[in-house]
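Descriptive analysis of the structure
Residues per chain are reported as follows:
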Amino acid sequence: MTATMQPKSEAAEAPRRGKRTPGAGENTRPRRGPMQFGHWWWALPGIALVFAIHYVATGIGGFFAFTNWTGIGSFKITGWTNFEAIFKDPTKLGALSNTLFLAFGSVLLGNIAGLVIALGLNRVVKTRYILRTLFFMPVVLSPLATAYIWKYIFDFDGPLNAFLTAIGAGDQAKPWLADPQWAIWTVLVVLVWSSTGFAMVIFMAGLAGVPVEVEEAAAIDGANLWQRFRNVTLPAIRPAVAIATTLGIVQGLRVFDPIMALTGGGPAGATETLATLVYKQAFALGNFGGGAALALVLAAIILIFAVLQQRLTRSNPED
Amino acid sequence: MKSERLDMTQHRRYSGLKVGALAVPTVAALILTGCSASTGSSSSSGGSQEFSLSFATSNTIESPFQVLAENYMKSHPNVKITFNPQPNDSYDQTLRTQLQAGNASDVVVTSPGSGTGRSILPLVQAGFLEPLDDAAKQLLPEGSASTFGTDGKVYGQATEITISALVSNETAATAAGGFPADFSSLQQQCKALESSGKSLFALAGSAPPNTGLMAMSLAASRVYAEDPKWNDKRAAKEATFAGSDGWKSALEAVNTLKDAGCFQKGAAGGGFDAITKGLASGTSVSGFIPAPSWKQLQSAAGGSQFAVRPFPAEQGSGNSYVFASANYAFSINAASKNKDAAKAFLDWAAQPEQTKAFAEIDGALPVSGLDKYDFDGGAYKNVGGLMKDGKYGPLPNIQWPNSAVYDALATGVQGIITGQKSPDQVLQAMDAAWDQ
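A brief look at the structure comes next. Note that the coordinates shown come from a computational prediction; the quantities given were computed from them, not determined experimentally.

1. Considerations on the overall build of chain B
Secondary structure summary: chain B contains 18 helices and 13 strands in total. Looking at chain B as a whole, 52% of its 436 residues qualify as buried. Once local pairs closer than 6 in sequence are excluded, the contacts in chain B between residues at least 24 apart make up 76%. For chain B, the exposed area adds up to about 18,800 Å²; of that, 52% sits on carbon and sulfur atoms.

And the structure:
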């Protein structure tokens, strides 16, 4: 908070300091100052674009959620029918539970793994810069491309089963992505792999702000490793935890391309999520109205969890 | 004074920035609109000798649509055709989006009926297709007028007759002791092949179109051989999938095939590559793929012979049956500015020598002159008898009301293979999709 207040107070003082300029007292635009470069209307083109692309488009999409539009031709307004169909259909409820499972699973495991790696690579280790780059790599790579590599790894004739056979566990070989029990866990592994690096970077930024002196003081006071982490480090990086988990949940709820590439939602809907279902309904099955309604439900869920998450993890209740 | 001057300069710079802030988006907007305007004018300036053609491609082999169009350009040097190939899996949605936006190609490849995203009837209903003339009417396969248009008008020109049954590696089948003649000997052969590390069928279990095609092939002898008008009864609500013994038997046969070891190992997770690899290498004997694939497989797997076969029916039932229908058609975009050129192309493509040439390029059967077609000796020799006896009908999902029915069948069969779903559940889901 203090950090953000400083420029503001400087800016507020600026006009007073500006008295050295003759005629500045009569200046009807007191906001002119070293910290006040620019005008609000400069943002207009950007605002117009954001408004047109995000809000108008979303609004129109939201309107179609209340219609029976197929994506082409005319349509009728059908009220809440599409939403009733969603909540009556067990396959769509299954997709909802898969969405929540994958989102929370990837956030939980991805953040724990990210935190552990960030703590491990924070200081001491000599090769930490190389390791950081390697751990961050999955975030930079195309999710679609890496998903196809994972698909090959999990293929029945792929390296994972070959490895299992080589170590004498050939009876455990299975089509991982087409196994109703294992498919969703396999997808979760890929999502955790791709989200860990992102969480790690956020946690490392947070850890950089934890003073070594405080940790040393705690150590001198006899606190063990866990106590130091629990009582010193974790409270200090709480804002980082809030950001990493919130972004992770939003990302996890709307994840689409890795699932589409790995399983296409299969086998028989076992890894179907709301995002893949939106695509199938709106584009593959020509039920644009139903797809739009699902998208609206997904948006509402993301909003609710994002707000909830922010409230749960904020460090200061007055924030 | 110095600071005042500084202030003045800054103020002037602000004014400059103001102009810049307004100018950049304005210029950008002008450039963008200019670009789109020029694109628009060039597409319409081609006159009647220029048109564009959209079709779906699913492999690296040159599309027969493109080959045909190139032949047209060779014989008509003043005509220029712009090709817009689209990947098969996104073709339907691209076509619909472009038609809705008004920028689709002049000639588009469609499918009869209303069972897929590229199907003619919903596109006609939305006003996107142009009615065609007598040349197209003459190519209509018997009894399929209702799937090519409404009110006596025809909106699609059939390109070829595609058989949907089995494509088999005859070399591998001979090595395995010959292709089974009926359903029970098929199960025996499945077990024998499984013990030698091979399989009778290669299945793309994770690719729903393939599981759906398998289920329909199983339903050929069990449903449509006995009652070719079953779809009409379903449409009139005189029958349901869940209440049909034939459909139930067809989906139970999926379990029978699975238990007999008819599919390759890991079939539930297999993609289309499993079929091409399996059939080309001979580790699998046959696959549920559209008949024209025999030609591509034969050229890919030098040394092996490929042929088209019906799925073996129950012994003594006499219910052997295949699906043979015009699954693809040329249609003209109603918003096209080059309709004359497009129609001239369609008239040319409707000539008997062109339909014959097209079928040969693709490895399919010609849409005209099928009664005089010589089945003996070619890849279609095993289905020639059925075709001559009239034991064939259109691919069922052409007549289904929406693509959700086929999706329910295809993903449902995937669920039967993995043990997630029972045949009854799948059939109920198909009924629900039909009635939605």
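2. Describing the sheet that holds strand S13 (residues 392-393) of chain B
Residue and element names in this part refer to chain B. The strand order S6-S11-S13 describes an open sheet built from three strands, whose pairing is mixed. Lying at the two open borders of the sheet, with one neighbouring strand each, are strand S6 (162-164) and S13. In this sheet, strand S11 (residues 322-325) lies alongside S6 in antiparallel orientation, the contact comprising three bridges. Residue pairing for S11: Ser-164 is matched across the bridge by Phe-323.

3. Topic: the pairing of strand S10 (residues 306-309) of chain B
All names here are of chain B. Residue alternation in S10 divides its side chains into two sets, Phe-306 and Val-308 and Ala-307 and Arg-309, and both sets are buried. Of the strand pairs in this sheet, strand S7 (residues 166-169) and S10 are connected by four bridges, and their pairing is antiparallel. Looking across to S10, one finds that Asn-169 is bridged to Phe-306.

4. Describing the nonpolar core
Residue and element names in this part refer to chain B. Counting 72 residues, the largest nonpolar core has Ile-163, Phe-330, Phe-345 and Tyr-380 as its most contacted members. With six residues, helix H14 (residues 339-349) is the single largest residue contributor to this core. Of the domains in this structure, domain 1 (47-161 + 326-368) and domain 2 (164-324 + 381-435) are the two that each give at least three residues to this core. Leaving out residues up to four positions away in the same chain, Ile-163 has contacts with Pro-290, Ala-291, Val-308, Val-322, Phe-323, Ala-324, Leu-365, Tyr-380, Val-383 and Met-387. Counting 56 residues, the second-largest nonpolar core is a separate cluster that includes Met-216, Ala-219, Phe-323 and Ile-417.

5. Points about the pairing of S7 of chain B
Residue and element names in this part refer to chain B. Because side chains alternate across S7, one face comprises the buried residues Leu-166 and Ser-168, and the other comprises Val-167 and Asn-169, equally buried. When S7 meets strand S9 (residues 284-287), the two strands line up antiparallel, connected through two bridges. Among the inter-strand pairings, Val-167 is bridged to a residue of S9, identified as Gly-287.

6. Notes on the environment of Glu-70 of chain B
Residue and element names in this part refer to chain B. Within the secondary structure, Glu-70 is located in helix H2 (residues 64-75). The sequence separation of Glu-70 and Phe-83 amounts to 13 residues, and the corresponding C-alpha distance is 9.8 Å. If we skip the residues at most four places from it in the chain, Glu-70 touches Glu-62 and Phe-83.

7. Considerations on the state of the cysteines
All names here are of chain B. Tallied over the full model, the rule gives one disulfide over all chains. Linked covalently through their sulfurs, Cys-190 and Cys-262 form a disulfide whose S-S length is 2.0 Å. A torsion of 105° about the S-S bond marks the disulfide between Cys-190 and Cys-262 as right-handed. Here Cys-190, found in helix H8 (residues 183-195), pairs with Cys-262, found in the loop between helix H11 (245-259) and helix H12 (272-281); they are 72 residues apart in sequence, far enough to count as distant.

8. Describing the packing of helix H3 (residues 81-88) of chain A against helix H14 (residues 288-313) of chain A
Any two packed helices are characterised by the angle at which their axes cross and by the distance between the axes. Residue and element names in this part refer to chain A. The contact between H3 and H14 brings their axes to 9 Å, and the two run at 70°. As judged from the angle between their axes, H3 and H14 are roughly perpendicular. Along its contact with H3, which presents Asn-82, Phe-83, Ile-86 and Phe-87, the element H14 presents Gly-289, Gly-290, Ala-293, Leu-294, Leu-296 and Val-297. Of the residues contributing to the contact of H3 with H14, the split by class is seven nonpolar, three polar and no charged.

9. Here's the deal with the side chain of Thr-196 of chain A
Counting through the fold element by element, Thr-196 of chain A comes out in helix H8 (residues 183-208). Sequence-distant contacts of Thr-196 of chain A, defined by excluding residues within four places in its chain, comprise Gly-110, Ala-113, Gly-114 and Ile-117 of chain A.

10. What about helix H13 (residues 293-300) of chain B?
Residue and element names in this part refer to chain B. Residues Ser-293, Trp-294 and Leu-297 constitute the buried set of H13. For H13, the angular spread of the buried residues around the axis is 100°, confining them to a single face. Where H13 is buried, its residues touch S7, H12 and S10.

11. Section: a nonpolar patch on the surface
On the surface, Val-50, Phe-51, Tyr-55, Val-56 and Ile-60 of chain A cluster together to form a nonpolar patch covering roughly 490 Å² of accessible area. The exposure class of Val-56 of chain A is partly exposed, given its relative accessible area of 36%.

12. A look at the packing of aromatic side chains
Residues and elements named next belong to chain B. The final tally for this structure, using the stated rule, is 46 aromatic pairs over all chains. Pairing Phe-183 with Phe-311 gives two aromatic rings, centres 6.1 Å apart and planes at 50°, and the pair type is tilted. Of the two residues, Phe-183 sits in helix H8 while Phe-311 sits in the loop between S10 and S11, which places them 128 residues apart along the sequence. Relative accessible area serves as the criterion here: at 4%, Phe-183 is assigned to the buried category. Between the aromatic rings of Trp-230 and Phe-241, the centroid separation amounts to 4.9 Å while the plane-to-plane angle is 50°, which identifies the pairing as tilted. Separated by eleven residues along the polypeptide, Trp-230 in helix H10 (residues 230-235) and Phe-241 in the loop between H10 and H11 bring together distant segments of the chain. With relative accessibility at 0%, the residue Phe-241 sits in the buried group.

13. Things to note about the pattern of salt bridges
All names here are of chain B. Considering all chains together, one arrives at 13 salt bridges over all chains under this definition. Asp-92 is the partner of Arg-118 in a salt bridge, and the nearest nitrogen-oxygen pair spans 2.6 Å. One end of the pair, Arg-118, is in the loop between strand S3 (107-110) and helix H4 (120-125); the other, Asp-92, is in helix H3 (residues 88-101), and 26 residues separate them in sequence. On the accessibility criterion, Arg-118 (8% relative accessible area) is buried. One salt bridge connects Arg-234 with Asp-431, and the closest N-O pair in it is separated by 2.9 Å. Residue Arg-234 is located in helix H10, and its partner Asp-431 is located in helix H18 (residues 423-435); the two are separated by 197 residues in the primary sequence. Using a relative accessible area of 9% as the deciding quantity, one classes Asp-431 as buried. The structure contains a network of salt bridges with shared partners spanning Glu-130, Lys-339 and Lys-343.

14. Considering the sheet that holds strand S8 (residues 199-202) of chain B
Residue and element names in this part refer to chain B. The mixed open sheet is built from four strands, whose spatial order is S8-S9-S7-S10. Two strands bound the open sheet, and with one partner strand each, they are S8 and S10. Sheet twist, expressed as the average angle between the axes of neighbouring strands with direction ignored, equals 30°. In this sheet, S9 lies alongside S8 in parallel orientation, the contact comprising three bridges. Note that in S9 the partner of Ala-202 across the bridge is Gly-287.

15. Some points on the side chain of Thr-94 of chain B
Take Thr-94 of chain B: it is sitting in helix H3. Within the local environment of Thr-94 of chain B, its side chain forms a polar contact with the backbone oxygen of Ser-90 of chain B, the two atoms lying 2.6 Å apart.

16. Thoughts on the packing of helix H2 (residues 44-64) of chain A against H14 of chain A
Residue and element names in this part refer to chain A. Relative to each other, H2 and H14 sit at 120°, their axes nearing to 7 Å. Comparing their axes, H14 and H2 come out oblique. For the pair H2 and H14, the crossing hand works out as left-handed. Along its contact with H2, which presents Gly-61, Gly-62 and Phe-64, the element H14 presents Phe-288, Gly-289, Ala-292 and Leu-296. Partitioning the contact of H2 with H14 into residue classes produces four nonpolar, three polar and no charged.

What counts and how
Residues numbered from 1 in each chain as written. Chains lettered and ligands numbered in written order. Predicted model: local features only at pLDDT ≥ 70, side-chain atom pairs only at ≥ 80, totals over all residues. Heavy atoms only, no water. Helix = DSSP H or I, 4+ residues; strand = E, 2+ residues; numbered from the N terminus. Buried < 20%, exposed > 50% of the residue type's maximum accessible area, 1.4 Å probe, protein only. Contact = heavy atoms within 4.5 Å. Areas by Shrake-Rupley, 256 points an atom, 1.4 Å probe, with all protein chains shown as cover. Pairing = 2+ DSSP bridges. Core = buried A, V, L, I, M, F, W, Y, C linked by side-chain atoms within 4.5 Å. Domains from an automatic or database assignment. Disulfide = S-S within 2.5 Å. Axes fitted to C-alpha atoms, helices over the stretch in contact; angles between N-to-C directions. Parallel < 35°, antiparallel > 145°, perpendicular 65-115°, else oblique. Nonpolar A, V, L, I, M, F, W, Y, C, P; charged D, E, K, R; others polar. Arc of directions from axis to C-beta. Patch = residues over 30% accessible without salt bridge, like charges linked within 9 Å, V, L, I, M, F, W, Y side chains within 5 Å. Salt bridge = Lys/Arg side-chain N within 4 Å of Asp/Glu carboxyl O. Phe/Tyr/Trp six-rings, centres within 6.5 Å; stacked < 30°, edge-to-face > 60°. Polar contact = N/O pair within 3.5 Å; in protein donor to acceptor, adjacent residues only side chain to side chain. Left-handed = near helix turned anticlockwise from the far one by under 90°.

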